[in-house]
Every structure is written in structure tokens, then in C-alpha cells.
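A structural walkthrough
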Amino acid sequence: MSSSQDTESSMAQESPKNSAAEIPVTSNGEVEDSHEHGFNRDLKRSLPAGLGLSETQITSHGFDSTKEGVIEAGAFQGSPAPPLPSVMSPSRVAASRLAQQGSDLIVPAGSQRAQTKSGPVILADEIKNPAMEKLELVRKWSLNTYKCTRQIISEKLGRGSRTVDLELEAQIDILRDNKKKYENILRLAQTLSTQLFQMVHTQRQLGDAFADLSLKSLELHEEFGYNADTQKLLAKNGETLLGAINFFIASVNTLVNKTIEDTLMTVKQYESARIEYDAYRTDLEELNLGPRDANTLPKIEQSQHLFQAHKEKYDKMRNDVSIKLKFLEENKVKVLHNQLVLFHNAIAAYFAGNQKQLEQTLKQFHIKLKTPGVDAPSWLEEQ
């Protein structure tokens, strides 16, 4: 009995003074059941929460048994955690095995990679800044505008040279001169139409007044009647002539303000391309006259590239202008031929008093009368 008491006292002195390790042992060398569950609870609290052990059991038998301090752990469910701290066991063997179990815990490879992959984020070089792109566009536009302005000023001062296509420039000058003349004809025709409309309106009112007096004046019934019929006939012929003149005005207006104007817009684009071409040509010539070294050769190469691009643009615009001028001339001749024939026949028939010829002229050109302020004829009148 005394030897067993000495053994128990020596074990109590060798054990660390920790609350988790102070496990009462019976005289048979077995852990007391009431304290076993307390030790399990203390062990669960001492383990990190991240390990997520579903169930932990500690079985302790006699001190001579090989199964002292064995931990049975369930499935791993949590995130990785640092190695477990040493947990005090009822004996040295159990303590060493607990430490080995804690250090031998297997951490899933995916979670470990998630920790090792964290680091600085590197942005790709391909991402462009919109503000920098706009700034670059403004810079190119400013440089191009400066060179073109310098070229225009040099040409006006007689210091710079310009590219001239003599044949094309002559056709453009003729087109602009003809446009001014056609605009003058258009203004005069509009004035004639306005005056003729006023005259027709006056003749119609005069004819109504003569007809009214013819009914009320028995002595002058025939004289007022003749004049009323004459004025109404003149008003009717005037409306027919007015329809022909308005058709002439509409056709010439389309020719001048749409067809010719569209061609002149292309001419303006051609002239802008010519100025850019001359500006970059002059810039290249100045660089070629200067020294050639490591600093100037890249500038000469870039200037040569820009010059070639503007030369291609200039040649394209010159071809476009030549084609449009050719088609415009053909269209102009066809349109003006028909309109001039219409205008001549209508004026001649009106002043000759040939009502039948005047109406035939309108039918020839498929003109329908539509005079403002005049009611359309009824179906009985058309019959």
C-alpha cells in the first residue's frame, strides 16, 4: 500500500501544473469517469475553432498500456489553421502523442494554395486610358491644323508652293461661275412667278366685277359680259403659265442648290486634301534639306509616311471631283434642255393667246396645275 502511495505522489510531482492535465486516477490506474468528460471538454476548447473537429475522444487506460492519450478525430470541415499547441496529457507518453497528432494534421492543398497565392495585383499594360487617347487626338489635330494654317499663309504671301491641276481647276472655276448665273436666273424666275400670280389674281377679281355689273346694268350687259369673259380667260391662261414657270423654278432650284452644291462640297474636301498634301510635302522637303543624323532620320521617316498617306488622300479626292464634274455636266445638260424648252413654249403660247398650245405644253411635261388660292375643279368640270 505504501509503494502505491509513493507512486501516486511521484506522478503528481512529475505532471505539469495545468488544469487540463490534473486528472484524478483511481487506485487501479484508471481515469475516473466523471472527470474524463471534463478533460475532453477542456481539450476541445484548447484546440483552434478553425479545425472543426466533429468529435474528439480521449481514452486513457492503465499507465502500462500502449493506448494512453490517443485522440480520435472526425472529418476536417474548416479552414486551415496553424499547428496546434501542445496539450497536456495525463502522462508524458500521452503528451508526446498529442503534440505529434497536432503537428501531423493534414491541411488540404487547395486551402494552402489560396494562402500562398495572395500577393500584389499587376495590371495589364494593354489597358488604355481614354483621357490619354483624347489628348493624343487633340495633339494630332493641333499639329495638323498648325501645318495647314502655315501652308495657307505661305501661299497667300507668295512664299509657299502649291500643287495645281490646271484642267481640273478650270472646270471648278467654270462650275462656280455657272452656279452664280443659274442663281440669278432662279431669282428672276421667282420674281416673274410672284408678279404673274398677282396679275392672275387681279384679273380674276376684275372678271368677277365685270360679271356682276353685266347682270345689274341692262344697257351695258353685253359690254360688261365680253370683258368679264376676256379677263377670266386671261386668268385661266395665266394660271397655266404660272404652273409651267413654277415647275421650271423647282427643277432649276434642285439643280443649283442640291446637285451643284453637292459637287462643290466635294470640291471643298478636295481643296482641303490639297492643302494638307502641300503642307506635309513642304515639311518633308525642309527635313530633306537639313542634316541627316541619328536624330533626324526617324523624323524624316515619319514625315515620309505622313506625306504618302496625304498624297493618297489627295489623289482619291481629285478622282472623285473629276467623276462628279463629268456626271454633273451630263445631268445639267439634260435637265436644262427640257426646262428651257418648257419655258419657251409656255411663254410663247401664252402671249400668242394659244390656249390649246399652252395646255398641250403642260401635258407634254406631265405638269398638273396647283395654284394656291384656287379651288380644284369639280368632277363635273373635269368631265
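Residues numbered from 1 in each chain as written. Predicted model: local features only at pLDDT ≥ 70, side-chain atom pairs only at ≥ 80, totals over all residues. Heavy atoms only, no water.

**Some points on the overall build of the protein**
From N to C terminus, the protein includes 10 helices and two strands. Starting at the N terminus and walking to the C terminus, you meet the elements of the protein as α-α-β-β-α-α-α-α-α-α-α-α. In the protein, buried positions account for 28% of the 383 residues. Considering only contacts within the protein whose residues lie at least 6 apart along the sequence, 71% involve residues at least 24 apart. Surface accessibility of the protein: about 26,500 Å² in total, with carbon and sulfur atoms responsible for 55%. (Helix = DSSP H or I, 4+ residues; strand = E, 2+ residues; numbered from the N terminus. Buried < 20%, exposed > 50% of the residue type's maximum accessible area, 1.4 Å probe, protein only. Contact = heavy atoms within 4.5 Å. Areas by Shrake-Rupley, 256 points an atom, 1.4 Å probe, with all protein chains shown as cover.)

**Side note on helix H8 (residues 296-352)**
Across its 57 residues, H8 extends 81 Å between first and last C-alpha, which sits within 8% of the 84 Å expected from 1.5 Å per residue. Gly353 sits one or two positions beyond H8 and adopts a positive phi of about 75 degrees. (Expected span 1.5 Å × (residues − 1).)

**Describing the UniProt feature "coiled-coil region" (unreviewed entry) in the protein**
Taking the UniProt record as the reference, the feature "coiled-coil region" (unreviewed entry) is found at residues 165-192 and 300-331. Across residues 165-192, helical content stands at 96% and strand content at 0%; the span's end C-alpha atoms are separated by 41 Å. When the span residues 300-331 is considered, its composition is 100% helix and 0% strand, and the gap between its end C-alpha atoms is 46 Å. (UniProt positions renumbered as here; feature names shortened; annotations may be inferred.)

**With respect to the packing of aromatic side chains**
Considering all chains together, one arrives at six aromatic pairs under this definition. Relative to Phe343, the ring of Phe248 lies with its centre 4.9 Å away and its plane at 40 degrees, an arrangement referred to as tilted. Note that Phe248 is positioned in helix H7 (residues 221-289) and Phe343 in helix H8, a separation of 95 residues in sequence. With centroids separated by 5.0 Å and ring planes inclined at 85 degrees, the aromatic side chains of Tyr350 and Phe351 adopt a geometry described as edge-to-face. Its relative accessible area of 11% is what places Tyr350 among the buried residues. Taking the relative accessible area as the measure of exposure, Phe351 reaches 64% and is therefore exposed. Taken together, Tyr270, Tyr277, Phe307 and Tyr314 form an aromatic cluster joined through their ring pairs. (Phe/Tyr/Trp six-rings, centres within 6.5 Å; stacked < 30°, edge-to-face > 60°.)

**Brief notes about the pattern of salt bridges**
Summed over the entire model, instances satisfying the criterion amount to 19 salt bridges. Across the salt bridge formed by Lys216 and Asp212, the nearest N and O atoms sit 3.5 Å from each other. Linking Lys216 with Asp212, this pair stays in helix H6 (residues 166-216), spanning four residues, or about one helical turn. A residue is classified by how much of its surface remains accessible, and Lys216, at 63% relative accessible area, is exposed. Classification of Asp212 by relative accessible area gives partly exposed; the value is 38%. Salt-bridge contacts for Arg318 lead to Asp315; the nearest nitrogen and oxygen are separated by 3.2 Å. (Salt bridge = Lys/Arg side-chain N within 4 Å of Asp/Glu carboxyl O.)

**Details of the packing of H7 against H8**
Contact pair H7 / H8: the axes reach a minimum separation of 8 Å and the direction vectors enclose 165 degrees. It follows from the interaxial angle that H7 and H8 lie roughly antiparallel. In this structure, the crossing between H7 and H8 has a hand that is left-handed. Among the residues making up the contact of H7 with H8, the classes are represented as 31 nonpolar, 13 polar and 12 charged. (Axes fitted to C-alpha atoms, helices over the stretch in contact; angles between N-to-C directions. Parallel < 35°, antiparallel > 145°, perpendicular 65-115°, else oblique. Left-handed = near helix turned anticlockwise from the far one by under 90°. Nonpolar A, V, L, I, M, F, W, Y, C, P; charged D, E, K, R; others polar.)

**Re the side chain of Thr266**
Within the secondary structure layout, Thr266 lies in helix H7. Of note is the side chain of Thr266, whose polar atom sits 3.0 Å from the side chain of Lys324. Leave out the neighbours within four places in its chain, and Thr266 touches Met317, Asp320, Val321 and Lys324. (Polar contact = N/O pair within 3.5 Å; in protein donor to acceptor, adjacent residues only side chain to side chain.)

**Brief notes about the confidence of the model for the protein**
Of all residues in the protein, 63% attain a pLDDT of 70 or more, and the chain-wide mean is 73. In the predicted structure, residues 47-90 sits below a pLDDT of 50 and forms 84 contacts with residues beyond four places in sequence or in another chain. Segment residues 102-126 is flagged for pLDDT under 50; beyond a separation of four residues in sequence, or across chains, it makes seven contacts in the model. (pLDDT = per-residue confidence, 0-100.)

**Side note on the environment of His310**
Here His310 shows up in helix H8. On a C-alpha basis, the gap between His310 and Ile275 in space is 9.6 Å, while along the polypeptide they are 35 residues apart. Those residues in contact with His310 that lie beyond four places of it in its chain are Asn144, Glu276, Tyr277 and Tyr280. Engagement of the side chain of His310 in a polar contact is seen with the backbone oxygen of Leu306, the distance being 2.9 Å.

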